[in-house]
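Breakdown of the fold
What follows is the residue order along each chain.
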Amino acid sequence: MTARPCAGCRSGSVPRTCSGASARATSQTASRRLTGWWTKGSRSTYNCITLTLRCNPELGDAETLAAAKRCIDKAHAEGVKVYMDTDPRIARREFFAKWPEDRQGIAAGTLAEPKDGVAAFTSVFKPSQDHMSWGSTDAYRPLAGRVAAAWAVKRRADGELDFATRRSVETSSATSVREWRETARGGFGHTDFSEVTVKGSATGLSADETLVVVTVADYLSIDVFSPHLIPFCRDLLVKYREVGADGGMRDEWGFIAEHNPDWRHFFFSPHFAAAYAKASGRDMLDDLPLMAYGRKGDAARS
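Residues numbered from 1 in each chain as written. Predicted model: local features only at pLDDT ≥ 70, side-chain atom pairs only at ≥ 80, totals over all residues. Heavy atoms only, no water.

1. Quick word on the overall build of the chain
Tallying secondary structure elements over the chain gives seven helices and 12 strands in all. Looking at the chain as a whole, 48% of its 302 residues qualify as buried. In the chain, the share of contacts with a sequence separation of at least 24, taken over all contacts with a separation of at least 6, comes to 77%. Surface exposure of the chain reaches about 14300 Å², of which carbon and sulfur atoms provide 52%. (Helix = DSSP H or I, 4+ residues; strand = E, 2+ residues; numbered from the N terminus. Buried < 20%, exposed > 50% of the residue type's maximum accessible area, 1.4 Å probe, protein only. Contact = heavy atoms within 4.5 Å. Areas by Shrake-Rupley, 256 points an atom, 1.4 Å probe, with all protein chains shown as cover.)

Take a look at the structure:
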């Protein structure tokens, strides 16, 4: 891999520990690049490094593991320990091959005012990336969208929504997906992106009612509340222990980066909703509009 020493490495200000070995690879060059990042060797005073990848093939693939072993063996020969970043964000394809339904969802709250009893709405879900998806073949991109819940809610005299009056309504909707491809960051291969749009309407609303819709898009990202996530991460650690890694680490892992400017977006999944219900005794879909607009429609207090 190409060496990318961190600021501490370059300045020599980090005593005997380094987290600056960052690697990116395509399937054609993984083996060659992963062993080439070692540039300090015996000249370094560090006795421990962390190794984090931005690669295709993925973290758990045989080619990546074999290249990692050569890198780890070289480090050990220099008396340096290696702690492997086994972040599941760079093993998403392996995870979804086993549990394709355990995708992270994002829920969006949308308001629509009726005209002649009909209220139309549109929700757009955009892709995102972070430092762990650079070099991957896929951004954190939405794959499908749907209407999860919809209500007609009356407004008070001051114009605020009064959720005590809400009633469930049926909607008709359609979902479209736009896909495109870009050169991956760093120039290693390509990255696929997509954008999902959910459009729909509801009928039978009175003039003093507003349509409140919660739409959900499923993203190509692992559900943080999946019951399979911890065992999967444990298996990744075991794989790297078997090729000689001295330990594991994680760099800022959690919910995916979500850059939509509308703050009325929330993470959602069936597993998340089940955990929410267990902890609170409440229905997460029912509560999302209250989080977005407040019980009385007062967004400033919500």
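2. Re the pairing of strand β4 (residues 103–112)
With eight of 10 residues buried, β4 is to be regarded as a mostly interior element. Bridge count for β4 against strand β10 (residues 209–222) is nine bridges, and the pairing is antiparallel. Within β10, the residue paired with G105 across the bridge is D218. Direction of pairing for β4 relative to strand β12 (residues 265–268): antiparallel, over a ladder of four bridges. Paired with I106 across the bridge in β12 is F267. (Pairing = 2+ DSSP bridges.)

3. Quick notes on the packing of helix α6 (residues 270–280) against helix α7 (residues 284–293)
At a minimum axis separation of 10 Å, α6 and α7 run at an interaxial angle of 85°. When the axis of α6 is compared with that of α7, the two are roughly perpendicular. Along the contact surface, α6 presents F272, A273 and Y276, while α7 presents M284, D287 and M291. Here the contact of α6 with α7 is composed, by residue class, of five nonpolar, no polar and one charged. (Axes fitted to C-alpha atoms, helices over the stretch in contact; angles between N-to-C directions. Parallel < 35°, antiparallel > 145°, perpendicular 65-115°, else oblique. Nonpolar A, V, L, I, M, F, W, Y, C, P; charged D, E, K, R; others polar.)

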